[in-house]
Amino acid sequence: MKILMYNHHWNPFWNVPESHVNKLRPKYPEIEFSYPKEEPEFKNELPDAEIFFGYKLEPAQLDLARNLKWVHCAAANVSQYMNADFISRKILLTNSRAMHATPIAEHVIGVMLVFSRRFMESWKHQQNGHYAASDIINGQPPLSELRGKTLYIIGLGGIGKETARLAKAFGMNVIAARKKNIKVEDVDELLDSENFRDGLGRADYLLL
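Analysis parameters
- Residues numbered from 1 in each chain as written.
- Predicted model: local features only at pLDDT ≥ 70, side-chain atom pairs only at ≥ 80, totals over all residues.
- Heavy atoms only, no water.
- Helix = DSSP H or I, 4+ residues; strand = E, 2+ residues; numbered from the N terminus.
- Rg over C-alpha atoms; globule rule 2.2 N^0.38 Å.
- Buried < 20%, exposed > 50% of the residue type's maximum accessible area, 1.4 Å probe, protein only.
- Contact = heavy atoms within 4.5 Å.
- Pairing = 2+ DSSP bridges.
- Axes fitted to C-alpha atoms, helices over the stretch in contact; angles between N-to-C directions.
- Expected span 1.5 Å × (residues − 1).
- Arc of directions from axis to C-beta.

1. Overview of the overall build of the protein
Then, in step 1: Within the protein, the secondary structure is distributed over eight helices and nine strands.
Then, in step 2: For the protein, the C-alpha radius of gyration of 23 Å lies well beyond 17 Å, the compact-globule estimate for 208 residues.
Then, in step 3: Considered along the principal axes of its C-alpha atoms, the protein spans approximately 70 × 45 × 30 Å.
Then, in step 4: Split into buried and exposed, the 208 residues of the protein put 33% on the buried side.
Then, in step 5: Long-range contacts, defined here as pairs at least 24 residues apart, represent 46% of the contacts in the protein between residues at least 6 apart.

Below, the structure written as structure tokens:
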């Protein structure tokens, strides 16, 4: 079995380091891991690849991949594969859904704390050497806590579920809307996505 990994992205942060691939090779000796660095080498590796790991395949590249059986997209979004040529090949397509659940959920909580604890204003005062206790405590909007506030999440994928879990740890009330009305842990009230507007007026924070 041959796995072709070519996930070159304009931002190097999103590329799988070769050192990670080298860790896989001794662990799975029965699998050939191909890790081309340039497009000409990538094209040469396509004809006998059975699995492709990467962000996209151009039509000409797909034509070369005659033995391709499975594509794993390195991102959650797979719209780049939704074309007639790819669909007609009936190649298995999987994605990296929820891989960013932890960092994005923590980012969401962090942003809510920025507003509730007025961190931006506090930071500016600190940079100016100004002891701003009175300014922050008596200013607008008033300081507040996340406890008791309502977070409304529209869409309960990996990110939404992890954010709901963290929000409950802060004592927040969590409302969510999703297509399938299936009970989800850490959600106090679940709305059908068609009626998502019903929760907007009660939200202190909204996560899309």
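Read on for the rest.
2. What about unusual backbone geometry?
Then, in step 1: The omega torsion across Q140 and P141 is -5°, close enough to zero to call that bond cis.
Then, in step 2: Here P141 shows up in the loop between α7 (133–138) and β6 (150–154).
Then, in step 3: For R118, which is not glycine, the phi dihedral falls at a positive 55°.
Then, in step 4: Positionally, R118 belongs in the loop between α5 (101–116) and α6 (119–127).

3. Overview of the sheet that holds strand β9 (residues 205–207)
Then, in step 1: Read across the sheet, four strands follow the order β8-β7-β6-β9 without closing on themselves; strand pairing throughout is parallel. In this open sheet, the two edge strands, each paired with only one partner strand, are β8 (189–192) and β9. Looking at each pair of strands side by side, their axes are set apart by 20° on average, direction ignored.
Then, in step 2: Direction of pairing for strand β7 (residues 173–178) relative to β8: parallel, over a ladder of four bridges. Among the inter-strand pairings, A176 is bridged to a residue of β8, identified as L190.

4. A look at the environment of Y205
Then, in step 1: Mapped onto the elements of the fold, Y205 is located in strand β9.
Then, in step 2: The buried category is assigned to Y205, whose relative accessible area is 16%.
Then, in step 3: In this structure, the C-alpha to C-alpha distance between Y205 and E121, residues 84 residues apart in sequence, is 19 Å.
Then, in step 4: Once residues within four sequence positions are removed from consideration, Y205 is found in contact with M112, F115, S116, L146, K149, T150, L151, Y152 and M172.

5. Comments concerning the side chain of E45
Then, in step 1: Structurally, the position occupied by E45 is in helix α2 (residues 39–45).
Then, in step 2: Apart from the residues lying within four places of it in its own chain, the contact partners of E45 are K2, L4 and S34.

6. A closer look at the sheet that holds strand β1 (residues 2–5)
Then, in step 1: Spatially, five strands are ordered β2-β1-β3-β4-β5 in an open sheet, and the strand pairing comes out parallel. Whereas interior strands pair on both sides, the edge strands pair on one side only; in this sheet they are β2 (32–34) and β5 (92–94). Taken over all neighbouring pairs, the strand axes of this sheet differ in orientation by 15° on average, direction set aside.
Then, in step 2: Bridge analysis of strand β4 (residues 70–73) against β5 gives three bridges, and the strand direction is parallel.

7. Let's talk about α5
Then, in step 1: Taking 1.5 Å of rise per residue, the 16 residues of α5 would be expected to cover 22 Å, and the 22 Å separating its terminal C-alpha atoms lies within 8% of that figure.
Then, in step 2: Taken residue by residue, α5 has A101, A105, V108, I109, M112 and S116 as its buried positions. Buried positions in α5, seen along its axis, are confined to an arc of 90° and lie on one side of it. Of the exposed residues in α5, those oriented more than 90 degrees away from the buried face are E106 and H107.

The values are spatial; any link to function lies outside them.
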